[in-house]
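Breakdown of the fold
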Amino acid sequence: MEVRRITINIAGRVYPLNVPAAEEETLRKVGKQIESMIKDFEQNFDVRDKQDALAMCALKLGTNAEVTSMNYDKTIQSTNERLTQINQSLNNEIGK
């Protein structure tokens, strides 16, 4: 696995990272997304400093991840229920 050394700038700080090459683009994209969120929070809310903006970013990203996870779990459960129904229907037809 190829590892690359990159730097990500978040809230005026530079973070050097060693990342798998396959994840580089995603990390850069997320870094830009966080920077954009920080600017949005600073412009639209009473944010005292970068720490407040970063905390709000963490809450927003964490909430988004939790909602996505819950939706994924519901989709898996629904798919499993539907497959069980199909399997029962097929078994009923084969048993005739």
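All of the points below concern the structure found in this document. (Residues numbered from 1 in each chain as written. Predicted model: local features only at pLDDT ≥ 70, side-chain atom pairs only at ≥ 80, totals over all residues. Heavy atoms only, no water.)

Looking at the overall build of the chain
Counting its secondary structure elements, the chain contains two helices and two strands. In sequence order, the chain lays out its α and β elements as β-β-α-α. Computed over the C-alpha atoms, the radius of gyration of the chain is 22 Å, more than 25% above the 12 Å expected from 2.2 N^0.38 for a compact globule of 96 residues. With the principal axes as the frame, the chain shows a C-alpha extent of 70 × 40 × 15 Å. Long-range pairs, those at least 24 residues apart, make up 19% of the contacts in the chain between residues at least 6 apart in sequence. A total of about 7,900 Å² of accessible surface is found on the chain, and carbon and sulfur atoms cover 52% of it. (Helix = DSSP H or I, 4+ residues; strand = E, 2+ residues; numbered from the N terminus. Rg over C-alpha atoms; globule rule 2.2 N^0.38 Å. Contact = heavy atoms within 4.5 Å. Areas by Shrake-Rupley, 256 points an atom, 1.4 Å probe, with all protein chains shown as cover.)

Regarding the nonpolar core
Among the nonpolar cores identified, the biggest contains twelve residues, and these are Ile 6, Ile 8, Ile 10, Ala 11, Val 19, Ile 34, Met 37, Ile 38, Phe 41, Val 47, Ala 53 and Cys 57. Those elements that provide at least two residues to this core are β1 (3–10), α1 (24–44) and α2 (50–95). Element by element, the count of residues in this core is highest for α1, at four residues. If sequence neighbours within four positions are ignored, Val 47 has contacts with Phe 41, Glu 42, Asp 52 and Ala 53. (Core = buried A, V, L, I, M, F, W, Y, C linked by side-chain atoms within 4.5 Å. Buried < 20%, exposed > 50% of the residue type's maximum accessible area, 1.4 Å probe, protein only.)

What to know about the pattern of salt bridges
Scanning the entire structure with this criterion turns up four salt bridges. Here Arg 4 ties to Glu 24 by a salt bridge, and the two come within 2.5 Å at their closest N and O atoms. With Arg 4 in strand β1 and Glu 24 in helix α1, this residue pair connects regions lying 20 residues apart in the sequence. Among the residues examined, Glu 24 registers a relative accessible area of 14% and is labelled buried. (Salt bridge = Lys/Arg side-chain N within 4 Å of Asp/Glu carboxyl O.)

Focus on the pairing of β1
In the sheet, β1 pairs with strand β2 (residues 13–20) via eight bridges, with the strands oriented antiparallel. Looking across to β2, one finds that Ile 6 is bridged to Leu 17. (Pairing = 2+ DSSP bridges.)

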